[in-house]
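Here's the letter readout for the chains.
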Amino acid sequence: MDIQYPLELVGTLVFAISGALAVRDREHDLFGAGFTGFITAIGGGSLRDILLGSYPLVWIGDVNFLYAIFLGILLAFIFPTTLLKLRKTMFLFDTLGIAFFTVLGVEKALSLGVRPEIAAIMGMFSAVMGGVIRDTLTNEIPILFRKEVYASACLAGAILYLVLNYFGIARDYNMLVSISVVISIRLIAVKYKLSLPRLD
C-alpha cells in the first residue's frame with residue numbers, strides 16, 4: 001500500500017495543529033488561530049512547489065488537504081488543553097510535521113526530475129519553512145535560528161532517504177525509516193541539549 005498520501009494528510013494536519021496552538025496564549029480568536037494554522041500547514045510545501053514550478057499547488061489541487069487543515073484547526077480549538085498535554089510547547093507536533101514533510105518534499109522533488117542534491121534541499125525547505133512562517137507571525141525568533149538541531153535533522157533525514165533510494169530499498173520502508181530518523185535526531189538533540197557548533 002502506498003503510504004505517501006496518508007502521510008501527507010497527517011503531516012498537514014499536525015502542522016495545522018501546531019500553528020493554531022502557537023497563538024493560544026496571545027488572545028487570538030478562532031480566525032487568528034485558524035489563519036496561523038493554515039499558513040503553517042501550507043507554507044513549506046507551497047514554497048517548495050513554487051521553487052520547483054509545480055502547479056497547481058498541492059492544497060489547491062486536492063481539497064482533502066484543506067479538510068486536513070480545517071480538522072487540525074478545529075481539534076486545536078476544541079481540545080487545546082488535551083493537545084497541550086500531549087505535546088510540550090508544540091514540540092511533538094512540530095517534530096512529526098518536519099519529519100513527514102522532509103521525506104515528502106524529497107519525494108516530490110525527485111518525481112519532478114531534479115538532482116538528488118536539490119531534492120534534499122527541497123525536503124528541508126518543505127519541512128522548516130512552515131514553522132519559520134509560524135514563528136514570524138507570532139513574533140517569535142524562528143526556531144531555525146535558535147540553538148537547536150532542527151533543519152540539520154531534516155537534512156540528515158533527506159540524505160538518508162536518497163541513499164536508501166539509491167540502493168533500492170522499498171519505497172514505503174525507506175519513507176518510514178527516514179521519517180523515524182528525523183524524529184529520533186530531534187528527540188535526542190532536545191533531550192541531551194545537543195547543538196551544532198556556533199560561528200564565533
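Residues numbered from 1 in each chain as written. Predicted model: local features only at pLDDT ≥ 70, side-chain atom pairs only at ≥ 80, totals over all residues. Heavy atoms only, no water.

A. The arrangement of the overall build of the protein chain in detail. From N to C terminus, the protein chain includes nine helices and zero strands. For the protein chain, the N- to C-terminal ordering of α and β elements is α-α-α-α-α-α-α-α-α. Radius of gyration (C-alpha) of the protein chain: 16 Å, near the 16 Å computed for a compact globule of 200 residues. For the protein chain, the spread of C-alpha atoms along the principal axes amounts to about 50 × 45 × 30 Å. Taken across its 200 residues, the protein chain has 49% of its residues classed as buried. Within the protein chain, contacts between residues at least 6 apart in sequence are counted, and of these 73% link residues at least 24 apart. (Helix = DSSP H or I, 4+ residues; strand = E, 2+ residues; numbered from the N terminus. Rg over C-alpha atoms; globule rule 2.2 N^0.38 Å. Buried < 20%, exposed > 50% of the residue type's maximum accessible area, 1.4 Å probe, protein only. Contact = heavy atoms within 4.5 Å.)

B. Local environment of the environment of F93. Summarising the element assignment, F93 is placed in helix α6 (residues 91-111). On the basis of relative accessibility, which here comes to 8%, the residue F93 falls in the buried class. Between the C-alpha atoms of F93 and E107, which are 14 residues apart in sequence, the distance is 21 Å.

C. The arrangement of helix α4 (residues 63-78) in detail. With 16 residues, α4 should reach 22 Å at 1.5 Å per residue; the first-to-last C-alpha distance of 23 Å fits that figure. Where α4 begins, one side-chain oxygen reaches toward the backbone nitrogen of N64, 3.0 Å away; that side chain belongs to D62. (Expected span 1.5 Å × (residues − 1). Polar contact = N/O pair within 3.5 Å; in protein donor to acceptor, adjacent residues only side chain to side chain.)

D. Focus on the side chain of R48. With respect to the secondary-structure elements, R48 resides in helix α2 (residues 30-52). If sequence neighbours within four positions are ignored, R48 has contacts with V58, L104, G105, K108, M122 and S126.

E. The arrangement of the side chain of D62 in detail. Structurally, D62 is set in the loop between α3 (58-61) and α4. The buried charged residue D62 lacks any salt bridge, with K108 as its nearest oppositely charged partner at 10 Å. Of the polar contacts made by the side chain of D62, one reaches the side chain of Y5; its length is 2.6 Å. (Lys, Arg positive; Asp, Glu negative; His and termini not counted. Salt bridge = Lys/Arg side-chain N within 4 Å of Asp/Glu carboxyl O.)

F. Inspection of helix α9 (residues 171-191) at higher detail. In this model α9 runs 30 Å from its N-terminal to its C-terminal C-alpha over 21 residues, within 8% of the 30 Å that 1.5 Å per residue would give. Taken as a whole, α9 has its buried residues at N174, M175, S178, I179, V182, I183, R186 and A189. Down the axis of α9, the buried set is contained in an arc of 160°. They therefore lie on one face. With respect to the buried face of α9, the exposed residues turned more than 90 degrees away are Y173 and K191. At its buried positions, α9 is contacted by α1 (4-21), α6 and α8 (151-166). Backbone geometry just after α9 places K193 at a positive phi near 55°. (Arc of directions from axis to C-beta.)

G. Geometry of the packing of α6 against α9. Closest axis-to-axis distance for the α6/α9 pair is 9 Å, and the angle between their directions is 140°. Classed by the angle they form, the pair α6 and α9 counts as oblique. Between α6 and α9 lies a crossing whose hand is right-handed. Contact residues: α6 offers F91, D94, T95, L96, I98, A99, F100, T102, V103, L104 and E107, while α9 offers R171, M175, S178, I179, V182, I183, R186, L187 and V190. Classifying every residue of the contact of α6 with α9 by side-chain character gives 13 nonpolar, three polar and four charged. (Axes fitted to C-alpha atoms, helices over the stretch in contact; angles between N-to-C directions. Parallel < 35°, antiparallel > 145°, perpendicular 65-115°, else oblique. Left-handed = near helix turned anticlockwise from the far one by under 90°. Nonpolar A, V, L, I, M, F, W, Y, C, P; charged D, E, K, R; others polar.)

H. Fine view of a nonpolar patch on the surface. There is a patch of nonpolar side chains on the surface, built from L155, I159, V163, Y166, F167, I169 and Y173 and spanning about 780 Å² of accessible area. In terms of residue count, the dominant contributor to the nonpolar patch is α8 (four residues). Looking at the element boundaries, F167 is found in the loop between α8 and α9. (Patch = residues over 30% accessible without salt bridge, like charges linked within 9 Å, V, L, I, M, F, W, Y side chains within 5 Å. Areas by Shrake-Rupley, 256 points an atom, 1.4 Å probe, with all protein chains shown as cover.)

I. Layout of the UniProt feature "domain: Glycine transporter" (unreviewed entry) in the protein chain. Here, UniProt's "domain: Glycine transporter" (unreviewed entry) annotation points to residues 7-79 and 92-164. Taken end to end, residues 92-164 has its terminal C-alpha atoms 26 Å apart, with 77% of it in helix and 0% in strand. (UniProt positions renumbered as here; feature names shortened; annotations may be inferred.)

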